[in-house]
Amino acid sequence: MNDKQRVIGVIGGTGWLGAAIVNGILQSHDFANTRLIVSYRTHAPRETSAQVSVTQDNQYLVEQSDMVILSVRPQDWPAINIDLKGKLVISVMAGITAAQISEGAHTSKVIRSLPNAAASINESYTPWFASQACSTDDLSIIPTLFNTFGTEDQCEIEDDIDYLTAISGAGPAYPALLAQALEESALTHGLPRHIARHAANAVIRGSGGLLEDLNSYPEQLVNVFENYGGTTAAGLISMRQAGFIKAVDQGVNAAYQRAKTLGR
Ligand SMILES: NC(=O)c1ccc[n+]([C@@H]2O[C@H](COP(=O)([O-])OP(=O)(O)OC[C@H]3O[C@@H](n4cnc5c(N)ncnc54)[C@H](OP(=O)(O)O)[C@@H]3O)[C@@H](O)[C@H]2O)c1
């Protein structure tokens, strides 16, 4: 499709994730000539760019768009009464299957994806699954689209999207929980709150940078410290013995089960 002609509709485009996706697209040279039409339910956006129009009418949005991004909460999906008439739809909704979207929105061309909250700083990881009816032309735009707010991978098995909902979709909250635990430990020891918080947050940011440097092999970073045999090794051994790895696995499985039952 010629970029000059493209219109992308974003249902729920004023929400947390929807607004991040819209911002990513607006900042991208690849979509410089694309127009956006965004729908909301109750809260109209205060300001929009000249590239964006706004509506409360989702079927009007569909009629105006070449493709539609669905970014409402899973519990609001049943009330989205739209007929896509075969147009490409890209869902970011957790737990709603491609078959449910296809049936509910009247199109067989469905991309099911799962970005994460880091989309707001263009650092999302977005796995996606395409229904069989999507053409090569439909698929060609998807990596470019998701790269506007981070990185992406295509998954061949739809269930992997539910599992990755628990790994990378929920993921930004997990290091945040670790930062909170580190801060609380430091507070218990009596450190001033601003130092406890600064130290914990700096650790999460710095560790992310180290993982990038080590070509993204976390076990390499852990092994370096274990083999060093110092204070960090003592901390790691104790955390493992206290069930850290099992707690993470159990948490991921709880999020996965929630993703599997959300839309049912
Ligand atoms: N946030 C994340 O980190 C994240 C990550 C991965 C996937 N997701 C998925 O992304 C989707 C959106 O999540 P969110 O966190 O962005 O939720 P959110 O902040 O609540 O945004 C949802 C938006 O949908 C709008 N909406 C609801 N019903 C509508 C309707 N009938 N027509 C038009 N707009 C409607 C809401 O508008 P009003 O506010 O006006 O009611 C709201 O702005 C969810 O399905 C979630 O599973 C979110």
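Because the structure is a prediction, the values reported are computed rather than measured.

A. Focus on the overall build of the protein chain. Counting its regular elements, the protein chain contains eleven helices and eight strands. Dimensions of the protein chain along its principal axes, counting C-alpha atoms only, are 65 × 35 × 35 Å. In the protein chain, buried positions account for 37% of the 264 residues. Excluding contacts between residues fewer than 6 apart, the proportion of contacts in the protein chain whose partners are at least 24 apart in sequence is 53%. Accessible area for the protein chain stands at about 14,900 Å²; split by element, carbon and sulfur atoms hold 54% of it. Put simply, the protein chain has 18 plus and 26 minus side-chain charges, and the middle of one group is 7 Å from the middle of the other.

B. Layout of the state of the cysteines. For the structure shown, the criterion picks out zero disulfides. Among the cysteines around Cys 134, which has no disulfide bond, Cys 155 carries the closest sulfur, lying 14 Å off. In this structure Cys 134 comes out as buried when scored by relative accessible area, which is 10%.

C. Highlighting the UniProt feature "domain: Pyrroline-5-carboxylate reductase catalytic N-terminal" (unreviewed entry) in the protein chain. Cross-referencing UniProt, the feature "domain: Pyrroline-5-carboxylate reductase catalytic N-terminal" (unreviewed entry) maps to residues 8-95 in the present numbering. The distance from the first to the last C-alpha atom of residues 8-95 is 23 Å, and the span holds 22% helix and 24% strand.

D. The arrangement of the site of the ligand in detail. Taken together, 24 residues are adjacent to the ligand, and Leu 17, Arg 41, Thr 42, Val 72 and Arg 73 come closest. Here an oxygen atom of the ligand and a side-chain polar atom of Thr 14 are 3.5 Å apart. Thr 42 is positioned with one of its backbone polar atoms (N or O) 2.6 Å from an oxygen atom of the ligand. Protein burial of the ligand: of its 900 Å² of free accessible surface, 85% is covered by the chains.

E. Summary view of the pattern of salt bridges. Considering all chains together, one arrives at ten salt bridges under this definition. Notably, a salt bridge pairs Asp 138 with Lys 109, separated by 3.2 Å at the nearest N-O pair. With Asp 138 in helix α4 (residues 136-140) and Lys 109 in the loop between α3 (98-105) and β6 (110-113), this pair connects stretches of sequence that are 29 residues apart. The class of Lys 109 is partly exposed, set by a relative accessible area of 23%. A salt bridge links Arg 193 to Glu 183; its shortest N-O distance comes to 3.2 Å. Of this pair, Arg 193 sits in helix α8 (residues 193-213) while Glu 183 sits in helix α7 (residues 173-188), and the two are ten residues apart along the sequence. In the salt-bridge network here, residues are joined through shared partners; they are Arg 112, Glu 158, Asp 159, Asp 162 and Lys 260.

F. Structural detail: the packing of helix α6 (residues 159-169) against helix α11 (residues 244-262). Contact pair α6 / α11: the axes reach a minimum separation of 8 Å and the direction vectors enclose 135°. On the basis of the axis angle, α6 is oblique to α11. Of the two elements, α6 crosses α11, and the hand of that crossing is right-handed. In this structure, α6 uses Asp 159, Asp 162, Tyr 163, Thr 165, Ala 166 and Ile 167 to contact α11, whose residues at the interface are Val 252, Asn 253, Ala 255, Tyr 256, Ala 259 and Lys 260. In terms of residue class, the contact of α6 with α11 is built from seven nonpolar, two polar and three charged.

Thresholds, definitions, all that
- Residue numbers run consecutively from 1 along every chain, following the written order of its sequence.
- For this predicted model, a pLDDT threshold of at least 70 governs which residues receive local features, and a threshold of 80 or more governs which side-chain atom pairs are given and counted, while totals over whole chains, interfaces and linings are taken from all residues.
- Computation of side-chain values covers all heavy atoms of the structure but excludes hydrogens and water.
- Runs of E in the DSSP output that reach at least two residues are strands. Runs of H or I that reach at least four are helices, and both are numbered from the N terminus.
- Only protein chains enter the accessibility calculation, which uses a 1.4 Å probe; a residue is then buried when its area is under 20% of its type maximum, exposed when over 50%, and partly exposed in between.
- What makes two residues a contact is simply this: any of their non-hydrogen atoms within 4.5 Å.
- Accessible areas in this description were obtained via Shrake-Rupley with a 1.4 Å probe; residue shielding takes into account the shown protein chains only.
- Neither His nor the chain ends is counted toward charge; the positive residues are Lys and Arg and the negative residues Asp and Glu.
- Charge positions come from single atoms, namely NZ of Lys, CZ of Arg, CG of Asp or CD of Glu.
- Disulfide: a pair of cysteine sulfur atoms within 2.5 Å of each other.
- UniProt positions are given in the numbering used here, feature names are shortened, and annotations may be inferred rather than shown by experiment.
- One heavy atom suffices: a residue is near a molecule or strand as soon as one of its heavy atoms comes within 4 Å of it.
- In protein, a polar contact requires one atom able to donate a hydrogen and another able to accept it; more generally it is a pair of N or O atoms within 3.5 Å, and residues adjacent in sequence count only if both atoms are side-chain atoms.
- Salt bridges are identified by distance alone: a Lys or Arg side-chain nitrogen within 4 Å of an Asp or Glu carboxyl oxygen.
- Each axis is a line fitted through C-alpha atoms, taken for helices only over the stretch in contact, and angles between the N-to-C directions span 0 to 180 degrees.
- For this classification, under 35 degrees means roughly parallel, over 145 means roughly antiparallel, 65 to 115 means roughly perpendicular, and everything else is oblique.
- Here a crossing is called left-handed whenever its near helix is offset anticlockwise from the far helix by less than a right angle, and right-handed whenever the offset is clockwise.
- Only Asp, Glu, Lys and Arg are considered charged, only Ala, Val, Leu, Ile, Met, Phe, Trp, Tyr, Cys and Pro nonpolar, and every remaining residue, Gly among them, polar.

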